[in-house]
Amino acid sequence: MGGDAESELDLTFRRDERGIVWITWPRGIHITGPMAEEAMDRLDAYTGGRKLPTVVEMVGVAGLTRDARQVFTGECTASRMALLGGSPVERVIANFALAASRYETPMRFFATEDAAVDWLTRAGPDR
Amino acid sequence: MPDPTAESPDERLDELVELVVELASGHLGARRAPSAAGDRIDAVTVGLNMLAEELQALNEDLEQRVVERTHQVEQAHRQLQRLALYDPLTGLANRTLLADRIDQAMAGLDRGVEPPAVLLLDLDGFKVVNDSFGHVVGDRLLVEVARRLQEVVRDTDTVARLGGDEFAVVAAATTATRAIEIAGRIQDALKRPIQAGAHQCWVGTSIGIRMAEPGQTAETLLRDADTAMYVAKGQGRGGVRFFEPAMHATALVRVRVAEELRTAISDDQLEMHYQPIVELDGERITGVEALVRWRHPVRGLLGPEQFIDVAEDTGLVVPLGGWVFETAIAQLARWRADVLGRTAFGMHVNVSPLELRSPSFAEDVLGRLVRSGAVATDLVVEITETQLMGEDPQTARTLDTLRTAGVGVAIDDFGSGYSSIGYIRRLFVDTIKVDRSLVADVDTDAQQHRVAAAILTLVEAFGLTAVAEGVETAAQAAHLRALGCRYGQGYLWGRPVPADVMTGLLSTAVQEPAPRS
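Residues numbered from 1 in each chain as written. Chains lettered and ligands numbered in written order. Predicted model: local features only at pLDDT ≥ 70, side-chain atom pairs only at ≥ 80, totals over all residues. Heavy atoms only, no water.

Enquirer: Got a minute to help me understand the overall build of chain A in this structure?
Expert: In terms of regular secondary structure, chain A is built from four helices and seven strands. Starting at the N terminus, the α and β elements of chain A follow one another as β-β-β-α-β-β-α-β-α-β-α. Taken over 127 residues, chain A has a buried fraction of 51%. Long-range pairs, those at least 24 residues apart, make up 80% of the contacts in chain A with a sequence separation of at least 6. In the structure as shown, chain A presents an accessible area of about 6,300 Å², 50% of it carried by carbon and sulfur atoms. (Helix = DSSP H or I, 4+ residues; strand = E, 2+ residues; numbered from the N terminus. Buried < 20%, exposed > 50% of the residue type's maximum accessible area, 1.4 Å probe, protein only. Contact = heavy atoms within 4.5 Å. Areas by Shrake-Rupley, 256 points an atom, 1.4 Å probe, with all protein chains shown as cover.)

Enquirer: Please explain the sheet that holds strand S7 (residues 240-242) of chain B as it appears in this structure.
Expert: Strand-to-strand pairing in sheets goes through backbone hydrogen bonds, with the strands running parallel or antiparallel. All names here are of chain B. Across the sheet, five strands lie side by side as S2-S3-S1-S6-S7; this open sheet has mixed pairing. In this open sheet, the two strands that pair with only one neighbour each are strand S2 (158-163) and S7. Strand-to-strand twist of the sheet, defined as the mean angle between neighbouring strand axes without regard to direction, takes the value 20 degrees. Bridge count between strand S1 (residues 117-124) and strand S3 (residues 166-171): six bridges; the pairing is antiparallel. Paired with Val-118 across the bridge in S3 is Val-170. (Pairing = 2+ DSSP bridges. Axes fitted to C-alpha atoms, helices over the stretch in contact; angles between N-to-C directions.)

Enquirer: Please clarify how the interface of chain A and chain B should be interpreted in this entry.
Expert: You'll often see interface size given as the accessible area lost when the parts meet. Each partner contributes to the interface: chain A provides 11 residues, whereas chain B provides 13 residues. Between chain A and chain B, the buried area comes to about 1,100 Å², and carbon and sulfur atoms account for 71% of it. Interface area lost by chain A to chain B is led by Arg-66, Val-89 and Phe-96 of chain A, which between them contribute 49%. The interface formed by chain A and chain B includes two salt bridges. The partner of Glu-54 of chain B in a salt bridge is Arg-66 of chain A, and the shortest N-O contact between them spans 2.9 Å. On inspection of chain A and its partner chain B, the count reaches three residue pairs in polar contact (both at pLDDT 80 or more). Mapped onto the side of chain A that touches chain B, the elements with two or more residues apiece are helix H2 (66-72) and helix H3 (88-99) of chain A. With five residues, H3 of chain A is the largest single contributor of residues to the side of chain A that touches chain B. Partitioning the side of chain A that touches chain B into residue classes produces seven nonpolar, two polar and two charged. (Buried area = accessible area lost by both parts, 1.4 Å probe. Salt bridge = Lys/Arg side-chain N within 4 Å of Asp/Glu carboxyl O. Polar contact = N/O pair within 3.5 Å; in protein donor to acceptor, adjacent residues only side chain to side chain. Nonpolar A, V, L, I, M, F, W, Y, C, P; charged D, E, K, R; others polar.)

Next up, the structure:
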């Protein structure tokens, strides 16, 4: 299976001119619990603790373990999180991730970038 | 670009069907890898994999909890069983488990195995320890007794605690000889003093044995062993008796007597008779012994030997003793007021060891004296020598309280037991009543004469007063007087008579010698 669980997880972080944080997972990765934890830690470090609107690019993500889902239910430094994926596989995986309904952070799945950005920048509370 | 080596959609759907079949048949670890296409079939594949993972995890979780719960239930069950079958204080089997073991042993009889023996024992002297030192010490004593009992039996035998200070042993597949051996070992084990906390205690045991016969139930065997133990106790502490059928009838009689006695006390069926005690020199009546009689509605006039045992075993000795002292003291007060003038006089009243061990007994007696107006120095309590047991502190306190108030203390039937006069002295005694067996042939048997002489000399040397009991002939009286015995009691001077008759005797005889019968 693709992706590797070594400490050098190939996650990328960038910030666009609107202030949105973009996290990109490598293609073919099966996200495990430790990977999920590392991702959350690195996001915290990247934002310096500030809560910012965030896109998680999961194009090409091949799997998500139960443990990883558990990690993602915790609090993270994102004001809102948009999961961005194109294929039916990504949609299935994303919905497994969304199914645990105790999320502190509002989260939704989007198939297009525009829809994701639109939701993130819209004012007012939403899930 | 489609990969020419990839499986066709139909092939991948077949794979999915296989995956579902495997999962359905319980192989929750089954998974299928999605292709690189990332299409809808891959989405279903990934989704199925994730659902299977979830199901597998929940299942393992459930199984783990079932294992834990089962373990907890088993533990609780074992604990309940322990509570239901074992005595919490000593860890010995309880009555329920004991009955079960007896039943198991009885089942063996059908297979030609030897019968079990049931031994029932209770501790002589346990009540004294418990009353003197408290329940904590009493409990420690019971625990140690339990430990010693377990040491002397075989692995195939069962030791049980039935409650209080009662224990039982079931010796499986045994003979009467071996049962007696076990009884012997038990008594030896309990001969050594027991350290209970800070106190060293001595207890003995009376043991009843029942050899089982085919067809008997556990309940019957225990009851019979209990009856035998009762008989063993009655014959003196530390006895062992096998059950005999005749014992059962006796036991039933005792129960009936106890019930009737309860009524007797409240229905005025009791009467007090008085036997004169005379001064040998001059034969003046100087006192009486009060003897309770029971005018039974059917059986007629009964003497104390026909119901005192039952009274002591059932605790009826307390109300009985209360009646005795109330009646005797009231009568004493009347005599003192009406006929005795200022003559020296002693009202002798028998008291049981159970009463002496009661912390309130001395106060009760002194209270009755005060209320009736009788004089404490006119009262003498009599204790039978053989009934004294051990150096009981409460008994000593009771006697001390009575003597301090002026009440006299006499040892009855002296010479029929094994105590030394020195020991008696330590118990705050004034008078020794020499047993009739030592008086019987004092005038005809030289040996008896010498024995009586020795005892009377000792009594004198310790500064005590001697009363000879059972004097029937003038010759006996003469010999005793010559040996220095001061007082006598017996048919020579009269049988026990009711109060009105004694009043008549006292009116005339206090100043004159007692008439001979």
